[in-house]
Amino acid sequence: MFIDRAVIEVRSGKGGDGAIAFRREKYIPKGGPAGGNGGRGASVILRANSKVNTLFNFRHSKCFIGEDGEKGGIKNQYGRHSDDIYVDVPVGTVVFEEKDHKFLGDLSTDGMTLKVAKGGRGGRGNTCFKSSTNRVPRIAENGEPGEKKRLILELKLLADVGLVGFPSVGKSTLLSVVSSAKPEIADYPFTTIVPNLGVVSVKGGQSFVMADLPGIIEGAHVGKGLGLQFLRHIERCRIIVHVIDMGLSGRDPYKDYKIISKELEEYGFGLSKRPVIYVASKMDEEGSEERLKAFEKKTKLKCIPISALTEEGIDELLYKCADLLDKTPAFPLYDEEEEAMENKVYTLPEEEKEYEIKHPELHTWVITGDKIIKFYRMTNITTDDGMMKLLTKLRKLRIDDKLEELGAQDGDSVVLDDFTFEYYR
């Protein structure tokens, strides 16, 4: 089954906690601190693999969780780093973060990797906190928390030439004639419900990949018919072959041409700027010559007449595709991203607030903020020194003064992540 869009969740591993330990050996009194650092947690990395051609596997495997790093040990032993998780996706997969649809990367070449969730670093053991004023530190860091994200994976096929047109105009038949592909062919609309790829060889040794895309109808750019589900596969094509039915189907070639051209323009991604080869199909049918002349006169376009039955015009079309590919560069998927990279302006980012205080209910105050919560999670409060480190940080941030300013009363509960304490002036 061809699946070209999936939503997955990734969670990187937490770093291992640092250890609190002291060197205890015979004849070596007061050996000093000897707690090792924790190991790094596993990262989650997406990897493009040419042997994978669909996102079908992600219908059931939707969550990828990295292992936590190993805790530090005695005698300054470092914890083991966890092995990164590699998730194979098809070549041509584009990755977005679901929360704000932020573009993360385009895995367009075989073997290309993208780290989507970074493993947390290991916490420092008490050896790292030794100083001239603190010769016996009883404090260590917890490992850095891992990242958790929901990602959208979209597969956009890697094809050089894309066949577009209304349903049943002869796109699948054309692909079957010029390549070894075996798309389903029938005389009813939407026979093709998944994109088909075929490798086309031109006399002279050149070859390229051609994609037969499901029929586009009016309103496809807003999701009608198969709409957005398959329009995305045209985005990588360097050349568009617009197939127009000149047979006895009763369709109006001029109206079809206008509708498809408008849909490509409305969809965006610079499709209207791609080189287009206009192909008049079913030229073996009665009256097709007259319809083609009328169409060319009305549009001022030059079409290549073809017949899949007699193979008339097929070579001319393939040579035209090959010539255009020689002088047409690849188009970037995201013009904004390309422009941003070329004209990048470095500015000083606005400083993120250390914390915010919320008052969800009477006598309860909640301290929020990524920075303060990360600091708390990496502080080992199971020891007196660790607790003192946390309280010193809260005092330095003047949280007591802020609570008093907001009207906190003696005995009110203050919540920081999963830690709750009472407030007193």
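Here the structure is a predicted model, which is why all the values come from computation and not from measurement.

J.: Help me understand the sheet that holds strand β6 (residues 102-107) in this model?
T.: Read across the sheet, five strands follow the order β3-β1-β8-β5-β6 without closing on themselves; strand pairing throughout is mixed. What marks the edges here is a single partner per strand, and that holds for β3 (63-65) and β6. Strand after strand, the sheet turns through a mean of 25° between neighbouring axes, direction not considered. Taken together, the three bridges between strand β1 (residues 5-11) and β3 define a ladder with parallel strand orientation.

J.: Before we go on, may I ask you to explain the side chain of Glu296 in this structure?
T.: Mapped onto the fold, Glu296 is located in helix α4 (residues 288-299). We note that Glu296 is buried and unpaired, the nearest opposite charge coming from Lys302 at a distance of 4.4 Å. One polar contact links the side chain of Glu296 to the main-chain amide nitrogen of Cys303, over a distance of 3.0 Å. With sequence-adjacent residues up to four places away left out, Glu296 is seen in contact with Leu301, Lys302 and Cys303.

J.: How should the packing of helix α1 (residues 171-178) against helix α5 (residues 314-327) be read in this particular structure?
T.: A pair of packed helices is characterised by two quantities: the angle between their axes and the separation of those axes. Two elements in contact, α1 and α5, have axes separated by 12 Å at closest approach and are oriented at 85°. Considered as vectors, α1 and α5 are oriented roughly perpendicular to each other. Contacts between α1 and α5 pair Leu174, Val177 and Val178 from the former with Ile314, Leu317 and Leu318 from the latter. Split by residue class, the contact of α1 with α5 holds six nonpolar, no polar and no charged.

J.: How should I be thinking about the layout of surface pockets in this particular structure?
T.: Gaps between atoms show up when a probe of the same size as a water molecule is rolled over them. Volume-wise, the largest pocket comes out at about 420 Å³. Around the largest pocket, the lining residues are Glu144, Pro145, Gly146, Glu147, Lys148, Asp370, Lys371, Ile373, Lys374 and Arg377. Among the elements that take part in the lining of the largest pocket, helix α7 (residues 370-377) stands out by supplying five residues, more than any other. Partitioned by chemical class, the residues of the lining of the largest pocket number two nonpolar, one polar and seven charged.

J.: How should the environment of Lys14 be read in this particular structure?
T.: The topology assignment puts Lys14 in the loop between β1 and β2 (44-49). Taking the C-alpha atoms as reference points, Lys14 and Gly122, separated by 108 residues in sequence, lie 7.8 Å from one another. If we skip the residues at most four places from it in the chain, Lys14 touches Gly41, Asp68, Gly69, Gly120, Gly143, Glu144, Pro145 and Gly146. A distance of 2.7 Å separates the side chain of Lys14 from the side chain of Asp17, its partner in a polar contact.

J.: It is not clear to me how the packing of aromatic side chains should be interpreted in this structure. Could you clarify?
T.: Given two aromatic rings, their pairing is described by the distance between the two centres and the angle made by the two planes. For the structure on display, the rule yields seven aromatic pairs. Taken together, the ring pairs connect Tyr254, Tyr257, Tyr278 and Phe295 into an aromatic cluster. The ring of Tyr254 has Lys298 lying over it, and the distance from NZ or CZ to the ring centre is 4.2 Å. Looking at Lys393, its charged tip hangs above the ring of Phe375, at a distance of 5.2 Å from the centre.

J.: Looking at this model, I keep getting lost on the nonpolar core. Mind explaining?
T.: The tendency in soluble globular proteins is for nonpolar side chains to be buried as a group. By size, the foremost hydrophobic cluster in this structure holds 37 residues, and its most contacted members are Val161, Phe208, Met210, Val241, Ile277 and Leu317. Within the residue set of this core, elements represented by two or more residues are β9 (161-164), α1, β11 (207-212), β12 (239-245), α3 (253-267), β13 (276-281) and α5. Sort the elements by how many residues they give to this core and α5 lands first, with seven residues. Not counting chain neighbours up to four residues away, the residues in contact with Val161 comprise Phe208, Val209, Met210, Ala211, Cys237, Ile239, Val241, Cys321 and Leu325. Counting residues in each nonpolar core, the second largest holds 21 residues, with Ile8, Val10, Leu55 and Phe58 among its members.

J.: Teacher, can you tell me more about unusual backbone geometry here?
T.: Backbone geometry follows two general trends: most residues other than glycine have a negative phi, and most peptide bonds adopt the trans configuration. Despite not being glycine, His363 has its phi angle at roughly 65°, a positive value. Mapping His363 onto the fold places it in the loop between β15 (356-361) and β16 (364-368). Within the chain, Arg398 stands out as a residue other than glycine whose phi angle is a positive 60°. Among the secondary structure elements, Arg398 is positioned in the loop between α8 (384-396) and α9 (399-406).

J.: For this particular structure, what's the right way to read α1?
T.: Among all positions of α1, only Lys171, Ser172, Leu174, Leu175 and Val178 are buried. Seen from one end, α1 has its buried residues packed into an arc of 160°, which puts them on one side. Looking at the buried residues of α1, the elements they touch are β9, β10 (196-201), β11, β12 and α5.

J.: Honestly, the sheet that holds β16 in this entry has me stumped. Any pointers?
T.: Sheet strands pair by backbone hydrogen bonding; their relative direction is either parallel or antiparallel. The strand order β15-β16-β17-β18 describes an open sheet built from four strands, whose pairing is mixed. The open sheet terminates on both sides in strands that have one partner only, identified here as β15 and β18 (419-422). Averaged over neighbouring strand pairs, the angle between their axes works out to 25° when direction is ignored. As paired elements, β16 and strand β17 (residues 413-416) share four bridges and run parallel to each other. The residue of β17 that forms the bridge with Trp365 is Val414. In the packing of α9 onto the sheet, the strands contacted are β15, β16 and β17, and the crossing angle to β15 comes to about 45°.

The rules behind each value
Residues numbered from 1 in each chain as written. Predicted model: local features only at pLDDT ≥ 70, side-chain atom pairs only at ≥ 80, totals over all residues. Heavy atoms only, no water. Pairing = 2+ DSSP bridges. Helix = DSSP H or I, 4+ residues; strand = E, 2+ residues; numbered from the N terminus. Axes fitted to C-alpha atoms, helices over the stretch in contact; angles between N-to-C directions. Buried < 20%, exposed > 50% of the residue type's maximum accessible area, 1.4 Å probe, protein only. Lys, Arg positive; Asp, Glu negative; His and termini not counted. Salt bridge = Lys/Arg side-chain N within 4 Å of Asp/Glu carboxyl O. Polar contact = N/O pair within 3.5 Å; in protein donor to acceptor, adjacent residues only side chain to side chain. Contact = heavy atoms within 4.5 Å. Parallel < 35°, antiparallel > 145°, perpendicular 65-115°, else oblique. Nonpolar A, V, L, I, M, F, W, Y, C, P; charged D, E, K, R; others polar. 1 Å grid on protein atoms, 1.4 Å probe; cavity = no way out; pocket = protein on both sides within 12 Å on 5 of 7 lines; lining within 4 Å. Points joined across faces, edges and corners; volume = space filled by probe spheres on them. Phe/Tyr/Trp six-rings, centres within 6.5 Å; stacked < 30°, edge-to-face > 60°. Lys NZ or Arg CZ within 6 Å of the ring centre and 35° of its normal. Core = buried A, V, L, I, M, F, W, Y, C linked by side-chain atoms within 4.5 Å. Arc of directions from axis to C-beta.

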